[in-house]
Amino acid sequence: YLSGQNVKSLKRCWLSILLWLFQGLAVPTVQAHFPQLRPLPCKDAATLKSTQCEAITRSQEALLFAGLYLFAFGNSGVKAALPSLGADQFDERNPLEAPKLASFFNWLLFSITTGAMLGVTFLVWISANQGWDWSSGVCTIAVTMRLLFLRMGRSIYRNNVPKGPSIPQYGN
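Here is a short report on the structure shown in this document. Numbering of residues starts from 1 in each chain and follows the order in which that chain's sequence is written. Totals for whole chains, interfaces and linings use every residue, but because this is a predicted model, local features are given only for residues with pLDDT of at least 70 and side-chain atom pairs only at 80 or more, for both listing and counting. As a rule here, side-chain values cover all heavy atoms of the structure and leave hydrogens and water aside.

## A few points about the overall build of the protein chain
Helix and strand definitions here come from DSSP, where helices need a minimum of 4 consecutive H or I residues and strands a minimum of 2 consecutive E residues; each element is numbered from the N-terminal end. When its secondary structure is counted, the protein chain shows four helices and zero strands. Counting from the amino terminus, the protein chain carries its helices and strands in the arrangement α-α-α-α. Each residue's exposure class comes from its accessible area (1.4 Å probe, protein chains only) as a fraction of the maximum for that residue type: buried when under 20%, exposed when over 50%, partly exposed otherwise. Expressed as a percentage of its 172 residues, the buried residues of the protein chain come to 24%. Taking the contacts inside the protein chain whose residues are at least 6 apart along the sequence as the reference set, 64% of them involve residues at least 24 apart. For the protein chain, the accessible surface area stands at approximately 12,200 Å², while carbon and sulfur atoms represent 67% of it. By definition, residues are in contact when any of their heavy atoms lie within 4.5 Å. What sets the accessible areas is the Shrake-Rupley method with a 1.4 Å probe; for residues, cover comes only from the shown protein chains.

See below:
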């Protein structure tokens, strides 16, 4: 339903980013910051002797998996809505805008790839040297900035109104 024609691309981006930001990124950041929301580190883990680890509680486990699932759900909504929102900004029948549409998708793919490269290098370095709470905080700040930029451009976006039913009618 959310990815169908009943919800406009801009609204899908908003809903996905809000879900991604406030639940999917905030929950792991808070859990990484407060020690009572995660199990204690294992003793003797550095010496590779028989480690004594404290088992994770049900509430800690539920919080962890809720944050991970909300992160994945919000991220997938953004990845699904962003290309259609960008494509709506160009009229492919206009000879001046048609090349810009192809350029948009090239830049979108470049940005996603660059973000993934930064994620596996810079954010891993932050989490290894500063802690998981810092790397999750950096992600939260980046998504907040993304939301602000989306909000700032809201007045100039083309907003195509959905037409027809979201589920096609077959075999009348």
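Moving on from the model shown.
## Concerning the packing of helix α3 (residues 98-129) against helix α4 (residues 132-152)
Lines fitted to the C-alpha atoms define the axes, with helices restricted to the stretch that makes contact. Angles between their N-to-C directions range from 0 to 180 degrees. Two elements in contact, α3 and α4, have axes separated by 6 Å at closest approach and are oriented at 145°. Along its contact with α3, which presents L123, I126 and S127, the element α4 presents W132, W134, S135, V138 and C139. Under this grouping Gly is polar, as are all residues other than the nonpolar Ala, Val, Leu, Ile, Met, Phe, Trp, Tyr, Cys and Pro and the charged Asp, Glu, Lys and Arg. For the contact of α3 with α4, the class distribution of residues is six nonpolar, two polar and no charged.

## Concerning the packing of helix α2 (residues 58-87) against α3
Axis separation between α2 and α3 bottoms out at 10 Å; the angle between their running directions is 155°. As summarised for this structure, α2 and α3 are arranged roughly antiparallel, according to the angle between their axes. For the pair α2 and α3, the sense of crossing is right-handed. Contacts from K79, L82, P83, G86 and A87 of α2 reach α3 at L101, F104, F105, L108 and I112. Split into classes, the residues belonging to the contact of α2 with α3 amount to eight nonpolar, one polar and one charged. Note on terminology: angles under 35 degrees are roughly parallel, angles over 145 are roughly antiparallel, angles of 65 to 115 are roughly perpendicular, and the others are oblique. Left-handed is the label given to a crossing in which the near helix is rotated counterclockwise from the far helix by less than a right angle, and right-handed is the label when the rotation is clockwise.

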